[in-house]
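# Observations on chain architecture
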Amino acid sequence: MEILLVLIVLAAGLYVLKQREQQRRIALLGRYLGTYQIERQMEQLLDGYLRWLGENDPERRRQIRGILSGVEQSLAQQFARFAADVQRMEAPLAQVSRLPLWLPFAQPLLPARRLFDVRRVFAVHARGIEAVAANAAQLDPKAQAYMMSAELLLMQHTCHWFCRSKAVASARLLVRHQTPYVQVLDSVSRATRTDYLALVGH
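In this report, the structure presented in the accompanying data block is examined. Position numbers for residues start from 1 in each chain and track the written sequence from start to end. pLDDT decides what is reported in this predicted model: residues at 70 or higher carry local features, side-chain atom pairs at 80 or more are listed and counted, and totals for whole chains, interfaces and linings draw on all residues regardless. Neither water nor hydrogens contribute to the side-chain values; these are computed over all heavy atoms in the structure.

What follows covers the environment of leucine 93. Within the fold, leucine 93 resides in helix 4 (residues 91-94). Relative accessibility thresholds used throughout: buried, under 20% of the residue-type maximum; exposed, over 50%; partly exposed, between the two (1.4 Å probe, protein chains only). For leucine 93, a relative accessible area of 41% corresponds to the partly exposed category. For the pair leucine 93 and arginine 25, spaced 68 residues apart in the sequence, the C-alpha separation amounts to 8.3 Å. Apart from the residues lying within four places of it in its own chain, the contact partners of leucine 93 are Arg25, Leu28 and Phe162. Labels follow the DSSP assignment, with helices taken as runs of H or I lasting at least four residues and strands as runs of E lasting at least two, numbered in each case from the N terminus. Should any heavy atoms of two residues lie within 4.5 Å, those residues are considered in contact.

This is the structure we're talking about:
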């Protein structure tokens, strides 16, 4: 009975620690994102691509795609500024555990090979989003929209990973967008995938 009580107290303590650490990270990321419209424009694009693909009128499709192109450019510019702002984040706060699940005090205690710097990952996302918005690969409009969707979902996954854990980020991706993490990773540009995996590992 005493052992059970100790386990309950320990579990409650770990839960409180987890909540506090995650809330601090959410607030920290929120301060950087707060001056931008990145989340709103991301939703605009993801919803807009679906409307565009479902539109039967060619003229209306052309108009919708033109609007979406403008949003892509704006989002790419805003995310580039955000990624530059995040470089001012203090190094210890920017460290993220590569472990799939949250562990207390993971960031200060884990060896460097078990951590990645989220500032560098956001820079990768900024380059990827900018390249797709500029259509550097000269994709057809449908393929470009598909790749941009993947770039945005992977960026969102990084945000959730930073705030909580890789497992939670992957679960949210699957629940919200019905897309597995591996599929998103396979669908971004080769440059994004290569640079991203070099930083976060497999």
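Multiply 1.5 Å by the residue count of a helix minus one, and that product is the helix's expected span. For helix 7 (residues 141-163), with 23 residues, the first-to-last C-alpha span of 33 Å sits near the 33 Å given by 1.5 Å per residue. Most of helix 7 sits inside the fold, with 19 of its 23 residues counted as buried. Where helix 7 starts, the residue carrying a side-chain oxygen 3.0 Å from the main-chain nitrogen of lysine 142 turns out to be aspartate 140. Think of a polar contact as two N or O atoms within 3.5 Å of one another; within protein, one of them needs to be a possible hydrogen donor and the other a possible acceptor, and neighboring residues in sequence only count if both atoms come from side chains.

A few words on the packing of aromatic side chains. In summary, the pairing rule links any two rings of Phe, Tyr or Trp, Trp by its six-membered ring, whose centres are within 6.5 Å, and it sorts them by plane angle into stacked for under 30 degrees, edge-to-face for over 60 and tilted for everything else. One pass over the structure, following the stated rule, counts 5 aromatic pairs. Ring geometry for phenylalanine 79 against phenylalanine 82: centres 5.1 Å apart, planes inclined by 50 degrees, an arrangement best described as tilted. Here phenylalanine 79 and its partner phenylalanine 82 are both found in helix 3 (residues 58-86), 3 residues apart, which amounts to about one turn of the helix. Both residues of the pair, phenylalanine 79 and phenylalanine 82, belong to the buried class. Seen in terms of ring centroids, phenylalanine 82 and phenylalanine 122 are 5.1 Å apart; in terms of plane orientation they differ by 70 degrees. Their pairing is edge-to-face. You can see phenylalanine 82 sitting in helix 3 and its partner phenylalanine 122 sitting in helix 6 (residues 118-133), a full 40 residues away along the chain. As far as the burial class goes, phenylalanine 82 and phenylalanine 122 line up, both buried. Pairwise contacts between aromatic rings join Tyr36, Phe79, Phe82 and Phe122 into one cluster.

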